[in-house]
Amino acid sequence: MSLDIEINSKTYALVEDRDGTKVATRPVQEFVQPIRQTGRTRPEDVAAYESFIIPNLAYGFGRSRINSDVAFDPKEYRRFTDSTCDTRWMDSVYLPIFADDSTHGSLERIRRSIHAKGHLWGGWSNDTSRGLLSYYFHNEDGATEKTWTAGGQIAPQVLIDSKGSAANGTGTTLTISHTVSNTYGNGMIVVFIAAGSAPSGVTFNGDALTQLDTQVNGSTGAHIWYRVAPDVATGNVVITFSGSTHAAATVLSLYNVDQSTPFGTAVKGTGTSTGAQPSLDVTTTVGDLVIDVVAGESSVLSSVAGTDQNEMTDSASGGHAYHTATRKYAQRTTTTMSETLTGSDAWAHVAAGVKAAAGGGTGKVNILLDMLVHKNQMIALYAEGNSHYAVRTSKADNLTDDWSLGNGTQITTGLLDNVVTSGEDIDAGLLAHAGGELIAALWHEAEGTITFYSSTDAGNTWTDEAIDIGSGHGPTGLLVYPDIDGVDKLYLGTAEGIWLIDVSPSTWTFEFIHAMSFSTDNCRDMTIHQGAIWFAEGIDDSSPAPIYRMTVQGDSRVIESGYGLNFGDGVPDDLFGPVKRMKSSGDFLYISVGGGATSGKIARLLCWNGNGWHHMHKHSAANKIIEWIDVGTENDGKSRLHFAARVGDTESDPQFLGYANTNPSSVSDLIKRADLSGTVSGHIELPYYDFGVPQENKNFTAVHVIADNLTSGATSSDVFVEVEYGVNGAAKTTDLGNFTSGTSKVAFASGAGVSGKNIGFTLKLNRGSTNTDTPALKDLVVEGYVVPTTAYEHNLTIDLEQTATDTGQSVETVISNLQTLISTVTLVDFKFGQVSKKVAVDRDRSSFSFGINSWESSGAPNALANRTGTATLTLIEKVAS
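Participant: Can you walk me through the pairing of strand β51 (residues 683–689) in this structure?
Facilitator: In terms of residue burial, β51 counts as a mostly covered element, since six of its seven residues are buried. Summarising the sheet, β51 and strand β57 (residues 759–766) pair through five bridges and their orientation is antiparallel. By the bridge assignment, Tyr-689 is partnered in β57 with Ile-759.

Participant: Looking at this structure, how should I read the sheet that holds strand β45 (residues 588–593)?
Facilitator: Neighbouring strands of a sheet are bound in pairs by backbone hydrogen bonds; such pairs are parallel or else antiparallel. Strand order in the open sheet formed by four strands is β44-β45-β46-β47, and the pairing between neighbours is antiparallel. Among the strands making up the open sheet, the edge pair consists of β44 (579–585) and β47 (613–622). Taken over all neighbouring pairs, the strand axes of this sheet differ in orientation by 15° on average, direction set aside. Summarising the sheet, strand β46 (residues 602–608) and β47 pair through six bridges and their orientation is antiparallel. Paired with Leu-605 across the bridge in β47 is His-617.

Participant: Hey, could you run me through empty space enclosed by the protein in this one?
Facilitator: Any empty space left between atoms is shown by rolling a water-sized probe over those atoms. One pass over the full model with this rule turns up two cavities of 30 Å³ or more. Space inside the largest cavity adds up to approximately 70 Å³. Every residue lining the largest cavity is listed: Ile-54, Pro-55, Asn-56, Leu-57, Val-93, Leu-686, Leu-763, Leu-777, Lys-778, Asp-779 and Leu-780. The dominant element in the lining of the largest cavity, judged by the number of residues it contributes, is strand β58 (residues 776–787), at four residues.

Participant: Whenever I open this one, unusual backbone geometry confuses me. Can you help?
Facilitator: When glycine is set aside, most residues are seen to have a negative phi, and most peptide bonds are trans. We note that Lys-117 has phi near 55°; this positive angle belongs to a residue other than glycine. Tracing the sequence through the fold places Lys-117 in the loop between β9 (109–116) and β10 (119–125). The backbone phi angle of Ser-750 is positive, close to 55°, even though this residue is not glycine. Note that Ser-750 resides in the loop between β55 (745–747) and β56 (754–756). Looking at Ser-750, the relative accessible area reads 79%, which means it is exposed.

Participant: Is there a simple way to explain the sheet that holds strand β36 (residues 477–482) in this structure?
Facilitator: One open sheet accounts for four strands, arranged β36-β37-β38-β39; its pairing is antiparallel. At either end of the open sheet lies a strand with only one pairing partner, and these are β36 and β39 (509–515). Neighbour-to-neighbour, the strand axes of the sheet open up by a mean angle of 25°, direction not taken into account. Bridging between strand β37 (residues 488–494) and strand β38 (residues 497–502) involves five bridges; their strand directions are antiparallel. Among the inter-strand pairings, Gly-493 is bridged to a residue of β38, identified as Ile-498.

Participant: Please clarify how the environment of Ala-495 should be interpreted in this entry.
Facilitator: Along the polypeptide, Ala-495 turns up in the loop between β37 and β38. In this structure Ala-495 comes out as buried when scored by relative accessible area, which is 0%. Between the C-alpha atoms of Ala-495 and Gly-538, which are 43 residues apart in sequence, the distance is 8.2 Å. Other than its neighbours up to four places away in sequence, Ala-495 contacts Ser-471, His-473, Met-516, Ser-517, Phe-518, Ser-519, Thr-520 and Asn-522.

Here is what the cut-offs are and how they apply
- Residues numbered from 1 in each chain as written.
- Predicted model: local features only at pLDDT ≥ 70, side-chain atom pairs only at ≥ 80, totals over all residues.
- Heavy atoms only, no water.
- Buried < 20%, exposed > 50% of the residue type's maximum accessible area, 1.4 Å probe, protein only.
- Helix = DSSP H or I, 4+ residues; strand = E, 2+ residues; numbered from the N terminus.
- Pairing = 2+ DSSP bridges.
- Axes fitted to C-alpha atoms, helices over the stretch in contact; angles between N-to-C directions.
- 1 Å grid on protein atoms, 1.4 Å probe; cavity = no way out; pocket = protein on both sides within 12 Å on 5 of 7 lines; lining within 4 Å.
- Points joined across faces, edges and corners; volume = space filled by probe spheres on them.
- Contact = heavy atoms within 4.5 Å.

The following block contains the structure:
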């Protein structure tokens, strides 16, 4: 017998080729050359050799690997799993912007800010939370000066009642008319005197004043007298001397002064203007109103007051005693009061700090809740004790002494269960304005409600609107936006969801429009960005935050999901946690996330560029939130993303990212860049790529990096890109090489390539020693090809007659068996030699060639004739074995 093969348990004899071959076997051609138009290739048209380009990454976070179901979408290749680079721009990827420190003296914590009077104003508290201060960001000297400059005391305040009535003369008395109005109570009158001898007495409206301190030097002397709770009247201040003398004096009346301990410790000094100039360091509490008086002998003619001092009097009276008096609010625990005098005579100097009466009791804590610009006023809302207060100012130039409390200092009293404590984070109130009214949404903790007060005179008087919205927490978001009737409404974010409040009727109405699972971080700092309300869902520190946008479309409020950090494959776990702050600025929406108190997470600033979320800044320490963000162009027109990260319970560190809103292509040489630093800045972790054929092996052969600004070297002073990789889901830490101006392509394994089903990359950008340098990464190109598990096809020719003879069957039976084989749907067994395979018959390439064994017949074909010949089969392995 000469049977050679077995197919589906049937044996067959084969015809030899001319070279003696009976079975011709070769690998299956699995793919055909594609005609590419867009995006990735598909498995059925993958070429034997492949290169693909990872384009700009402007779609942001959201991919740890390119899933097979989206492997053909070009947009998917614009996402990444992690990045600490600036990936917002379509043209290039850059190192992140360097975080510049803002000088802030001994200020401790910034909580809120507003844009007014051509400045960015921050609301700061001191380390004991017993003083709130207004400072503005100042950069008039360019890069050499980036500081928060004194702007005034918000609370508690010693407030100015009547400023600086003054007179001078020679004799035994000096009389000055002065009016005390004492609008808000806790008043005091202060008299600043320059005279050669100490007064024997001082009165106002007939009531005696008390001497605070005196200092005599030669023929001049400086003296301060005062009286708490003076008469509310227009009366005379009478200064009496034991003998005739020349004197000059200034009168200042104040209110909101601590009546039992109105002053700190007074200090004094003497000298001559040819030697040391007057300068005294006063021990102060932040918020004290520090006052001083300088007296000079006859040749002292003028002076220049020290930093931030408000000069009330500058008096030289014809060769007699010189007199000046100034004041300023203390911004730290030591306050310097100084003068630069002209002339060469002796001088005397006295200074002291006036203490504020903190609404309801000295030394109470005050916590800033919100700030807002309304009409021509800058408004601050704060909690002190268990009550709510508002303070305002309209002064356009120097705000150091023009914050004034409205409605007897209180909006309302006693809404909080307990007095606020130092450094406390509390959602006790927010401000908004709608329909010409200033609105305060206040947490009535004792009742479990949020209640509303309004003011039609920009915060001077407040009216209870008599509506209460039930909530287990204070307000987390408050803004104004049109509703379905086209009229502006108030939208309130709470721990339970979003409420809509109509402030147009005399009795306000409200409705609950969007429910959320209870979280004290729901809707925190929700904002309007590009015509929509953006708000975040509060979550714990083990999840990425969902973010939504709400728009009014016709008669519907449309809430869209898919804008959060939970989009796609999500984000690195250091970005888990609730959104703490939101700020819209032009094309960008900025948020701060992460840094939970005990989660080990590191806070970050992110930016939405219209396509996805992108890294802006990563804090250096875990468990410290970024608690304040704002964007300003004040002073010099340069966009700055300001922020402050918590560095202690009562302290935050203010910084800014310069040119945050500016496309780097226009100012690339001005933007300072952070250097590569571990996971803090400078790296991009790309997804795993599988060429769109996840199940098959590939040979990855080479990587190209297309980037601008690279130097020729790869040292610590050079600009270059490092590439690391991992295959089959391994860590992306295997070094491939450095890409410089002279090296744009690096081969794997010295040209042999590496094998894997997928590959992922980490790119590291180095800027060298110049902080305005950065690689401008444009493309990453990966070369390789798919190497599927080898399957074979087998070509053979069956001798039909020999098979029939050797098997004892008829030829027709053999033919019938082969026809059944060709029609078989499932794979069949194919055995030859020592080989056993599962194969399918390729019907298109299989055929019969027949001959006829017959004798002459005068009629129709002979029914007894037999077919002979061959059957040619192509058997293909569909499953490689």
